[in-house]
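# Fold and contact review
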Amino acid sequence: MQVSRRHFLLTGTAASAAIGFGLPSVFADTKGMPDWHLGYSTAPAGGFDPAPMRLVYGNVPEGLTGTLYRNGPAQFLYGKDDYASHWFDGDGMVQRIDIQGGKAVHSGKFVETVKRRIEQAEGRFMAAGFGTHGDPDFPIERPDDLNAANTSVIVIDGKLYALWEGGSAIELEPETLKTIGVKDWRPDLEAMPFLAHPKTEPDGTVWNLAVGGRNVGVYKIGADGSFKSFDMLNIGKAAYIHDWAMTDRHLVIMVQPWVNENLRPPIVEGFEWRPEEGFRFLIVDKDDFSNQRWAQGPARAFFHTGAAWEESDGTIRLDAALYKEPILGVGGGVDEIRGKWGGRNDGFTSNFTQIVIPPSGDARLIETGLEGDFPQVDPRRHGLSRRMTALVSGPSKVHPGHTAISVLDWETGQTDTFDFGDTRMVEEFLFVPKPGKAGEAESWLVGPVLNLKTGTTDICVFDAAHVSDGPVCIWRGTRSWPLGFHGTWA
Ligand SMILES: [Fe+2]
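Report follows, based on the coordinates. (Residues numbered from 1 in each chain as written. Predicted model: local features only at pLDDT ≥ 70, side-chain atom pairs only at ≥ 80, totals over all residues. Heavy atoms only, no water.)

To continue, consider the pairing of strand 32 (residues 456–463). Taking burial as the measure, the eight residues of strand 32 include eight buried ones, the bulk of the element. Residue alternation in strand 32 divides its side chains into two sets, Thr456, Asp458, Cys460 and Phe462 and Thr457, Ile459, Val461 and Asp463, and both sets are buried. Judged from the eight bridges that link them, strand 31 (residues 443–451) and strand 32 form a sheet pairing that is antiparallel. In the strand pairing of strand 32, leucine 450 is matched with threonine 457. Following strand 31, the chain reverses through four residues before pairing antiparallel with strand 32; glycine 455 in that reversal takes a positive phi of roughly 70°. (Buried < 20%, exposed > 50% of the residue type's maximum accessible area, 1.4 Å probe, protein only. Helix = DSSP H or I, 4+ residues; strand = E, 2+ residues; numbered from the N terminus. Pairing = 2+ DSSP bridges.)

On to the pattern of salt bridges, then. Proximity of charged atoms lets side chains of opposite charge pair with each other. Evaluated as defined, the whole model comprises 29 salt bridges. The partner of arginine 70 in a salt bridge is glutamate 427, and the shortest N-O contact between them spans 2.7 Å. Taken together, the residues arginine 70 in strand 2 (residues 66–73) and glutamate 427 in the loop between strand 29 (424–426) and strand 30 (430–433) connect sequence positions 357 residues apart. Under the relative-accessibility criterion, glutamate 427 is labelled buried at 3%. Put simply, aspartate 458 and arginine 476 hold a salt bridge, and the shortest N to O gap is 2.9 Å. Of this pair, aspartate 458 sits in strand 32 while arginine 476 sits in strand 33 (residues 473–476), and the two are 18 residues apart along the sequence. The class of aspartate 458 is buried, set by a relative accessible area of 2%. On the basis of relative accessibility, which here comes to 8%, the residue arginine 476 falls in the buried class. A network of salt bridges, in which partner residues are shared, links Asp91, Glu112, Lys115, Arg116 and Glu119. (Salt bridge = Lys/Arg side-chain N within 4 Å of Asp/Glu carboxyl O.)

Once that is clear, we can look at the sheet that holds strand 20 (residues 288–297). Sheet architecture is open: four strands sit in the order 15-16-19-20, paired in antiparallel fashion. The sheet is open, and its two edges are formed by strand 15 (245–246) and strand 20, each paired on a single side.

Next up, the structure:
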């Protein structure tokens, strides 16, 4: 790490005032702490109109052109004290950062779901959800009426979709972010869930899961957006599946021993941690779903994978942020939106790990000891052999979330890290291949960083091959927006 540059980044903006959209008064007396609450503050109901961001550091690399879309919960509070019951139940807001000709323009808009329309009219939270019991008066005509559309986004053939794990994809206009409506991939699949972690092959073919208890549906969608197939798998128990993995030949359904057999809201309360059952992996041939095998590994909980690849002898390798126990079984995601944080619980820290699944026999774990999550890989190599994974790292001791970005090289075992320090909250960074280049390291990493000193969300660009050198450039707007979960680059 270059100390001087880090010093510049941390101190060079000290004169700026906090110019976010304002903190609720309940947080006004939080003295001596960075205003990390900004990351969990309710965004304006009307969204963020397009506004140029200012280049405040570095030079914009030539050829960096495209649009970063991100999604995350952004409604946490109605009135003075009607808080969402869980971070995961806030209404989704999609942020759009359009980068053209060296300039960046930010806009953001809530996904206009049925849930949001009803709750906005009533001025209170009503829909049942991941951590919410729900009001019996909330009218439900179809399962998607509960859809918070708050977890991720995907672009397929130029069409933009907001994703949630318990409901359908919701299509948005890519330029204006205006909500178009629920996407049904086939008439009989109406309201079938479409997971927030689809996997896109390098040729654009999209695979995704529909998780519903012991049954898992598998979508295959062409690069042109055409529906290809939907098949069902039985995974034996209603494990929590937030993410999964895929090689060029196989699907890897990861069955962690965190099980909820009744699936009644609030979903989080129904989960049971059963470490004695271990971590199981269902490996399915993409061309023949009847060709399946199971592998077993030591009990771990997880939310996110990087990606998988496969060796010529059939050994599958994948990387994931693994936890000894589920971190959201109690507490997590509830306090932060109320402005409370009891400090980091070291019993629930992640260990970024490579899972090695041999052609037969048990899976084994290669643990790096690196604490991080939100792993991302080069999209040109999804499902293929690769060496690099970018992830959010550097857990802060003074606020929730992380302060650093790391690139892990599985071939050398080296980690290249840039730590912004406690005045920043780092979000997921995406690989953006440099135009005309093919090497895995010939990418930029693009992502948002919540700047607690200036009260702004900054868009930072790194060279994937030299992360510890610090950002290549930073754009800053005049506002912050709530921390999001996942994004895509189009
Ligand atoms: Fe996720």
